[in-house]
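Take a look at the letters that make up each chain.
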Amino acid sequence: MDIDDMTSGIKNVKPRWDVQAVEAKWQRIWDERGAFRAVDFSSKPKFYVLSEFFGPSGKGIHLGHVKCFTPTEIVARYMRFKGYNVLYPVGWDAFGLPTENYALKTGRQPDEVTRDNIAIFTRQLRRMGFSFDWSREISTADPGYYRWTQWIFLKLLEKGLAYKTKGEVNFCPSCQTVLSNEDSQGGICDRCHSPVAKATRDVWYLRMRDYSEKILEAVEAIDMKDGYKEAQRNWVGRSAGAVAEFGIEGSEESIRVFTTRPDTIYGATFMVLAPEHGLVAKLMDRIANRDEVLEYQRLAAGKSGIEKQESADKTGVALEGVSAINPVNGARLPVFIADYVLASYGFGAVMAVPAHDGRDFDFAKKYGLPIIEVISGGDVAHEAYEGDGTLVNSGMLNGMRTAAAKEAMTEHLRKMGRGEARINYRMQDWPFNRQRYWGEPFPIVSCPKCGHVPLDEALLPLVLPKTGDFSPDPQGNGPLSKLTDWIRCACPVCGGPAKRESDTMPNWAGSSWYWLRFLDPENSESFVSREKLEYWGAVDLYTGGTEHVTRHMLYAFFWHSFLFDMGAAPHKLPFSRRMCNGLILDEAGRKMSKSSENAIDPVLVIDRFGADVFRLHMMFIGEYEQNTAWTFKGITGITGFLNRVFDMQGMIEGDGVSPKHESLLHRLVKKADTGIYDIGGGKKEHNDFKFNTIIASMMEFANEIRGDGYITKEEYRQFLIVLNVFAPHLTSEIYEAVFGGDIMDQAFPSYDEGKLVGSSVEIPVQLNGRLKALISVERDEGQDSVERKALAALGIDGPADKAIYVKNKIINIIKR
RNA sequence: GCAGGCAUGGCGGAACUGGCAGACGCGCACGGUUCAGGUCCGUGUGAGGGUUACUUCAUGGAGGUUCGAGUCCUCUUGCCUGCACCA
C-alpha cells in the first residue's frame, strides 16, 4: 500500500511553507553547527536523557521508534532551553540473531548487513530531525566497543561471577542456540517465537542470582511506575523461609527442602522431589518400582514448559521402598517424584503439607495421602487453608500464632543442626553463551591441562573472525568451531595446545553497559574515564519498551552493580528514572510490528507530511505510556495548526505582551514548563510527559490569536520557543525570518503565577449543588461581595443558609 | 490463581490537590468563497423533552461519603498486560 491509499479519505491540507526544503535546511545547519554536542565538564548542570538504542534491522525505523524517541527528543530540546548541558546520544545494538538470520537468508556477511542497516537508520533518523549528539555514536559490534564488553566479562570471571558447567537450559530448536530464562518468557523463543525445549549443555553462567539483593535495591531506588517495579520484584522472586533437612530411613542420604512455612512442618505427610532430582539415581537400587520411576522421569524430561502449563492436573510416582524421616517428630513419610516440583527452584524438593498448601492438597487427594491440620482457621477436609492461625497438632508449637511458630521452628531446626533461615530467589543465573556467530567472542582459551584460561586483557579485543560459513551447527557447536585455524591456539598459561571458546555472547551483553560508553566513546585506555563517569553520573531519564523491564533492565542493574562494586563506576544506580512507552497499534487495535503487513513506514509519513507534523501528530494522538492506535485521521489538523502559526508572521502588531493575551500566554507557558519534564525529579508522582495536552494548549492559543487578528512580537517569540521543542524545523525558520538568528540561543520563557487568571473571572453559581447562573467577579474578590452577586443572580432575597465559595472557581449557595 | 492497569460523545482523547464533564483535534451538519471538487473562512455539534426562556438524564454497573464526585470509599462487571505448580 502506498501513502495515497493510506491517506485516502482524509482532508488534503496543503502546508503553506516548503516543508521538505525547510527541514533539510535546518538539519544541515544543526549538523554544521554541531548544535547538539554534549560538552564534557561543562559548568552548566548536566542532563543525560536516553532512549533504548536501536537494533538496526534492514527495514529501517518503525513507528514504535518514533513514539519512543519523540518524547525524549522533546525533553532534550526543552532541557537545552532551560540551560542544561544535555547528553542525548544515539547508538546501535548491532550484534544478535535478527541480523545474523537476515544475513543467512540473503547470503551476505553480517558485518556488511549491519553497516548498511546503520546507514539506513542514520539517514532516516536525521530526517526526523532528532537532536542526537552524533559525535558519540557507538555500535556494540565494533571491536573498539566490544573490547570492553569482553573486558567486563573477564572481570566477572576474575571475581568468580562467571563459571562454566553442564546445566539444563532453555534451547531454541529453530535458532539452534541456548537461551536465558529472560529470553524465553512463557516458554517461547523471544526471537522466532518457537516453543523452547530443555537441553543439557556446557553453559557459561553469570552469577546473577548472587546479585538478587542489589538488583532489588536498584528496583526500589529507581523512579519508575509501581507496576514495573512489581514485575521486577516478581521476576527476582525473593521469598524468606527456612531450609530443613529430612533424613532417609536406612541411608546416609537426606532430602533438603526450602519452605516458607516451617511452622507447618508437623503437618508434612509426604515428600516430593522434582523428577530429575539427583537423589533418585542415588537411591535407585532401593527403589522397588524402578521401571515406573524411570518411565515417569523420561516423560517429564520430554515435556516442554508449555505442556506443563497446559496440564494443571498433578501426576507423580511414589519411590517405593524409600521413606523420609521428619526431623522434628520422627514421622515416616512416603517420597514421590512429581513434575509439579521444579528442579530449578530451591532444592528441587518440597515437604508436602496438604492441609496448608493447595498443590500438596490436590496431590494428596489424588493419591489418597493423609491430611493433617496444624493451623486452625480453615476447613482442611475440603480445601487447603493457607492463611494464618493458631498451631495445633504441632508438639512444641501448639498454641502459637503463625509468625511466632515460623521463628520458633526455624530456631529449633538450627539448634538440631537440621536447618536454618534462608532467603530464596526465583531468578536464575544467566546462561551467557550462544551457539551462534554474530556476537562477542569469549576471551577464553580451553586448555586440557589448565582448564578455562582467560586471555590477557592487553590482547583485547579478541576480534570476531570473518568466515564464509557462519551457519549454525545442528550438533549445537558454535559456528566458530568450524574455523579450526582460529580455534587452535597456545594456552596462555602453559603454552601447550589449546582451543578457543567457540560460542559467542548473547545480544544482551553489549546492551548491559552501553549507556556508560556514551560518556567516553573513543577511549582506548579504559571503558570510560573516571572523570567523565563522575561528571555525567547516572542517566537522568531512560525510556524504552515495557518488554525490557524484566530483561534488559535487570541485566543492566546486574552489570552496573558489579561495576560499582569493583570500583569501576562511581555511582550506584545506572538510571535515575525509567519510563516505558506504550505500543503502536494499527487502526484495528492489533500490535503493529515491523515484520507484519500492517506496518506503516515512517519515511512515507515524513515524505508526505514532514517530520514536524509527524512528531506533533504522534504526540497528539495518544499518551506516552498508553498503547496508541496509529491513524492518519487528524494529521491534517496538525498541518492546519502549523499553517496558522506560519500565518501569524503577517499578524504581528506591537511589542511586549498585550493585556488581552497575558493570562492565556502565561497559562500556556506554565502548562509547557511543568508538563514536559519535572526537573529535579525524586517525586513519587510526576505530572509530566503531558505532550498531548500541551499541544492542545498551543492550539487554543493559536485559535485565540486568529480570533483577535493580531499577535505581538514578544508573544510570538515565546510561543515559537514553546512550539520549537515539538516542531523544531518550522519554528527555527519562522524565528530566523522574524527575529533573525537561531531560536536555540533563546531561553525558555517564564510565567508568573499571579498572571494566570485575568483581572475578572467568570464563575458558576450553584443553588443546592445545581448550576443555575454565571456571574463575573474580580480576581480574588472577597466572599461577601461574591455572595451578594450570586444571590442577586439567583433572584433570592435575604441571606443564604450557607455559601461555599472557592476563590476564582465556583460559588455554591445552600437555601432549603 | 497472583500482581499491575484501563473503562468518559460518532472517533482519538481533556478535566491540577473533589469545584461549569466532554478542552484540543478528527468526523459530521449548515452557511460563505469557488464554474465545480478540494483547500480556505464562519457557525453548530453528549442524549432526551419543550416553540422559547428552560429542563431532565449522562463518565461500565450498584451503593456510600460530601454543599458538590469522572475524581474519594465499598461491592460488582468487562477488557488489556505481566508472572504463573516458585514450596
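Use the structure listed above.
All figures in this text were calculated on a predicted structure; none of them were measured in a lab.

*Asks:* Looking at this structure, how should I read the overall build of chain A?
*Replies:* Broken down by element type, chain A carries 25 helices and 27 strands. When its C-alpha atoms are laid out on the principal axes, chain A stretches across 100 × 85 × 50 Å. Looking at chain A residue by residue over its 816 residues, the buried ones come to 54%. Pairs at least 24 apart in sequence give 72% of the contacts found in chain A among residues at least 6 apart. Measuring between centres, the 99 positive side-chain charges of chain A sit 0 Å from its 109 negative side-chain charges.

*Asks:* What is the right way to look at the environment of Ala-509 in this model?
*Replies:* Residue position: Ala-509 is located in the loop between strand 19 (497-500) and helix 15 (514-517). Considering only alpha carbons, one finds Ala-509 and Gly-439, 70 residues apart in sequence, at a separation of 8.8 Å. Excluding anything up to four places from it in sequence, Ala-509 contacts Thr-149, Phe-432, Glu-440 and Trp-559.

*Asks:* How do you make sense of the protein's contact with RNA strand B when you look at a structure like this?
*Replies:* In the neighbourhood of RNA strand B, 50 residues make up the surrounding shell, with Gln-185, Thr-260, Tyr-345, Arg-359 and Asn-812 lying closest. For RNA strand B, the fraction of atoms within 4 Å of the protein that belong to sugar or phosphate moieties is 65%. For RNA strand B, a sugar or linking oxygen lies 2.4 Å from a polar atom in the backbone of Thr-260. One nitrogen or oxygen atom from the side chain of Asn-812 is found 2.4 Å from a base oxygen belonging to RNA strand B. At seven residues, helix 22 (residues 691-708) tops the list of elements feeding residues into the surface near RNA strand B. Tallied by class, the residues present in the surface near RNA strand B amount to 17 nonpolar, 15 polar and 18 charged.

*Asks:* Looking at this model, I keep getting lost on empty space enclosed by the protein. Mind explaining?
*Replies:* Remark: the empty space left among the atoms is shown by a probe the size of a water molecule rolled over them. Tallied over the full model, the rule gives two cavities of 30 Å³ or more. Space inside the largest cavity adds up to approximately 150 Å³. Mapped by element, the contributors of at least two residues to the lining of the largest cavity are helix 4 (97-106) and strand 6 (177-179). For the lining of the largest cavity, a count of residues per class yields five nonpolar, five polar and six charged. The space that makes up the second largest cavity amounts to roughly 50 Å³. Around the second largest cavity, the lining residues are Lys-67, Met-618, Met-619, Gly-622, Glu-623, Tyr-624, Thr-628, Phe-689, Phe-691 and Asn-692.

*Asks:* How should the nonpolar core be read in this particular structure?
*Replies:* The nonpolar side chains of soluble globular proteins are, as a tendency, buried together. Counting residues in hydrophobic clusters, the biggest one holds 111 residues, and the most contacted among them are Leu-125, Ile-676, Met-698, Leu-723 and Phe-726. With 10 residues, helix 3 (residues 63-81) is the largest single contributor of residues to this core. Excluding residues within four positions of it along the chain, Leu-125 makes contact with Phe-54, Ile-61, Val-90, Trp-92, Phe-130, Phe-132 and Trp-134. Trp-204, Met-505, Tyr-514 and Phe-557 belong to the second-largest nonpolar core, a separate cluster that totals 66 residues.

*Asks:* When you look at the sheet that holds strand 18 (residues 488-490) in this model, what are you seeing that I'm missing?
*Replies:* One key point about sheets: their strands pair by backbone hydrogen bonds, in either a parallel or an antiparallel sense. Spatial ordering of the open sheet is given by 17-16-19-18, a layout of four strands whose pairing is antiparallel. Two strands lie at the open edges of the sheet, namely strand 17 (451-454) and strand 18, each paired on one side alone. Mean inter-strand twist for the sheet, computed between neighbouring axes without regard to direction, equals 40°. Sheet analysis places strand 18 next to strand 19, joined by three bridges and oriented antiparallel. Residue pairing for strand 19: Ala-490 is matched across the bridge by Pro-497.

*Asks:* Looking at this structure, I do not really get the side chain of Thr-712. What am I missing?
*Replies:* Mapped onto the elements of the fold, Thr-712 is located in the loop between helix 22 and helix 23 (713-724). By relative accessible area, which is 3% here, Thr-712 ends up buried. At 2.5 Å, the side chain of Thr-712 forms a polar contact with the backbone oxygen of Gly-656. Among the polar contacts made by the side chain of Thr-712, one reaches the main-chain amide nitrogen of Glu-715 at a distance of 3.1 Å.

*Asks:* I would appreciate a short explanation of unusual backbone geometry in the present structure.
*Replies:* For residues that are not glycine, phi is negative in most cases, and the peptide bond is trans in most cases. At the junction of Leu-460 and Pro-461, the peptide bond is cis and its omega measures out at 0° in the coordinates. Unlike most non-glycine residues, Asn-393 shows phi in positive territory, near 50°. With respect to the element layout, Asn-393 can be found in the loop between helix 12 (358-367) and helix 13 (402-416). One non-glycine residue, Asn-808, lies in the positive phi region at around 65°. Locating Asn-808 in the fold gives a position in the loop between strand 26 (802-806) and strand 27 (810-814).

Rules and cut-offs
Position numbers for residues start from 1 in each chain and track the written sequence from start to end. Whichever chain is written first becomes A and whichever ligand is written first becomes 1, with later ones labelled in order. For a predicted model such as this one, the threshold for reporting local features is a pLDDT of at least 70, and the threshold for listing and counting side-chain atom pairs is 80 or more; totals across whole chains, interfaces and linings nevertheless cover every residue. In computing side-chain values, all of the structure's heavy atoms are included and hydrogens and water are not. Numbering goes from the N terminus for both helices and strands, where a helix is a DSSP run of H or I of at least four residues and a strand is a run of E of at least two. Relative accessible area decides the class of each residue, using a 1.4 Å probe on protein chains only: under 20% of the type maximum gives buried, over 50% gives exposed, and in between gives partly exposed. Contacts are residue-level and defined by heavy atoms, with any inter-residue pair within 4.5 Å sufficient. Counting rule for charge: Lys and Arg are taken as positive, Asp and Glu as negative, and neither His nor the chain ends is counted. Each charge is placed at NZ for Lys, CZ for Arg, CG for Asp and CD for Glu. Any residue with a heavy atom positioned within 4 Å of a molecule or strand is treated as near that molecule or strand. Between N or O atoms, a polar contact is any pair within 3.5 Å; within protein, one atom must be a potential hydrogen donor and the other a potential acceptor, and residues adjacent in sequence are included only when both atoms are from side chains. Each residue gets one of three labels, nonpolar for Ala, Val, Leu, Ile, Met, Phe, Trp, Tyr, Cys and Pro, charged for Asp, Glu, Lys and Arg, and polar for the others, Gly among them. Cavities and pockets are found on a 1 Å grid laid over the protein atoms alone: a cavity is a set of points where a 1.4 Å probe fits but cannot escape, a pocket is an open set with protein on both sides within 12 Å along at least five of seven lines, and a lining residue has an atom within 4 Å of such a point. Grid points are joined across faces, edges and corners, and a volume is the space filled by probe spheres set on the points. Here, nonpolar core means buried Ala, Val, Leu, Ile, Met, Phe, Trp, Tyr and Cys residues that are tied together by side-chain atoms lying within 4.5 Å of each other. For two strands to count as paired, DSSP must find a minimum of two bridges between them. Axis geometry follows a simple rule: fit a line to the C-alpha atoms, using only the stretch in contact for helices, then measure angles between N-to-C directions, giving values from 0 to 180 degrees.

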